[in-house]
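The chain contents come next:
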Amino acid sequence: MRFVRTIAGMLLLTMGIPALLAGGGLWTVARHADPDGGFGARFETARTPGRAIVVTDVDALLRAEAPFARTGQARLRLTARTADGPAFLGLAPTDEVRRWLAPVPHATVRRVALTRGPLPVRLDPAGPDTAGAVPPVPLDQDFWVRQGIGALEWRPGELANSSLSLVVMRPDGGADLALDLRAELRTGWLPAAVWGLLVGGILLVVLALVVLSRPVRLREVVFVVEPDQVPVLAGRLGVTSLSGLGPQKTAEGRPPLADRQLVSVGPAHAGSTRAAIGPVPSRRPETLADLPGSPGMTTTWSWPPGTAEETARPAPVDRPASPHDRDGDG
């Protein structure tokens, strides 16, 4: 049973300690939230001589750089401005965006790193402008899944595993972009996750300590042996007398548990005291003829056994009366 409690306690600790660490980490992150519960970040200024900046696969970028934004009911909001005013932001199928922007130069986002301060944006340079290419006007297209002027908000979890591209450009499709980008993430699950992990981790660790520190109940061992085997048992246990079978005293001279004594289990005679275990007989009966009361036996056996003198004393033998005894009786 103690082995089972040890295994259960270790399993509880294995679950409780990681839960506490995860809850502590999320609590540290939650302290950096805005007063309204959102997490804001500013990007470095993105510049390109082309006509648009494109994130080829938004879901893949979030999965690699910010997987927590794709969980639950999290909402992501992007704002973009150019030197002339608000920029256009739109989400559309990747194939449609590639076909639409193929004739004009545009930069592609290779990576967005999550660091302290302004987030760096790594761009693949835009190609040369094709002579006579018509400037793309985003508001004239009908393939947008989400679109906005100056800001765009959506739930990444709803569009997860979808091949969508994010396009940021001037509303009129002009070239030479210098974008000021900001992002804000709102997670409704973070407070509940923080308190759930912290409370659950504390409960698991406390329960594990209770299981592991539970005292072991001492068991009493009862030896039932033949009387003549008591010396052999005492030698095996390393004691010199029957008193050594009981609990030993501590260093302070006090017994750790209640004293135990060998007591009689047979019917007691009024006014008499005797040992619980009688003396060892001189020899053990080998056949039924050697049992007490058999012809030729001179030792009287009785239960409960008496003292050593009473057990070893020969029983009186009936003999015929002598002539002197008969004369005396006459």
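The structure under discussion appears in the preceding block.
In short, a report on the structure.

Rules of the game
- Residues numbered from 1 in each chain as written.
- Predicted model: local features only at pLDDT ≥ 70, side-chain atom pairs only at ≥ 80, totals over all residues.
- Heavy atoms only, no water.
- Helix = DSSP H or I, 4+ residues; strand = E, 2+ residues; numbered from the N terminus.
- Contact = heavy atoms within 4.5 Å.
- Buried < 20%, exposed > 50% of the residue type's maximum accessible area, 1.4 Å probe, protein only.
- Arc of directions from axis to C-beta.
- Salt bridge = Lys/Arg side-chain N within 4 Å of Asp/Glu carboxyl O.
- Pairing = 2+ DSSP bridges.
- Axes fitted to C-alpha atoms, helices over the stretch in contact; angles between N-to-C directions.

### Quick look at the side chain of Thr82
Phase 1: Note that Thr82 resides in strand E4 (residues 75-82).
Phase 2: Apart from residues no more than four positions distant in its own chain, Thr82 is found in contact with Ala87, Arg170, Leu177, Ala178 and Leu179.

### Describing helix H3 (residues 94-101)
Phase 1: For H3, the set of buried residues is Thr94, Val97, Trp100 and Leu101. The buried residues of H3 occupy an angular sector of 135° when projected down its axis, which confines them to one face. Along H3, the residues that are exposed and aim more than 90 degrees away from the buried face are Asp95 and Arg99.
Phase 2: Check the buried side of H3 and you find it contacts strand E3 (52-55), strand E6 (88-93) and strand E11 (164-169).

### Focus: the pattern of salt bridges
Phase 1: In total, this model carries 12 salt bridges according to the counting rule given.
Phase 2: The salt bridge partner of Arg98 is Asp95, with a shortest N-O separation of 3.2 Å. Of this pair, Arg98 and Asp95 both sit in helix H3, 3 residues apart, which is roughly one turn of the helix.
Phase 3: With a shortest N-O distance of 2.7 Å, Asp124 and Arg110 are connected by a salt bridge. Residue Asp124 is located in strand E8 (residues 121-124), and its partner Arg110 is located in strand E7 (residues 107-112); the two are separated by 14 residues in the primary sequence.
Phase 4: Counted as one network, the salt bridges with shared partners bring together Asp59, Arg63 and Arg70.

### A few points about the pairing of E3
Phase 1: What you see with E3 is no split at all: Ala52 and Val54 on one side and Ile53 and Val55 on the other are buried throughout.
Phase 2: Bridge count for E3 against E11 is 4 bridges, and the pairing is antiparallel. Opposite Val55, over in E11, you have Leu166 as the bridge partner.
Phase 3: For E3 and E7, the ladder comprises 2 bridges, and the chain directions are parallel.

### Regarding the sheet that holds E3
Phase 1: One open sheet accounts for 6 strands, arranged E8-E7-E3-E11-E6-E9; its pairing is mixed. Sheet topology places E8 and strand E9 (146-149) at the edges, where each strand pairs with a single neighbour. In this sheet, neighbouring strand axes are inclined to one another by 25° on average, regardless of whether the strands run parallel or antiparallel.

### Remarks on unusual backbone geometry
Phase 1: A positive phi angle, near 60°, is found at Asn161, a position not held by glycine.
Phase 2: Positionally, Asn161 belongs in the loop between strand E10 (151-154) and E11.
Phase 3: Under the relative-accessibility criterion, Asn161 is labelled exposed at 68%.
Phase 4: The phi dihedral of Asp176 falls on the positive side, at around 60°, and the residue is not glycine.
Phase 5: Within the element layout of this structure, Asp176 appears in the loop between E11 and strand E12 (177-186).

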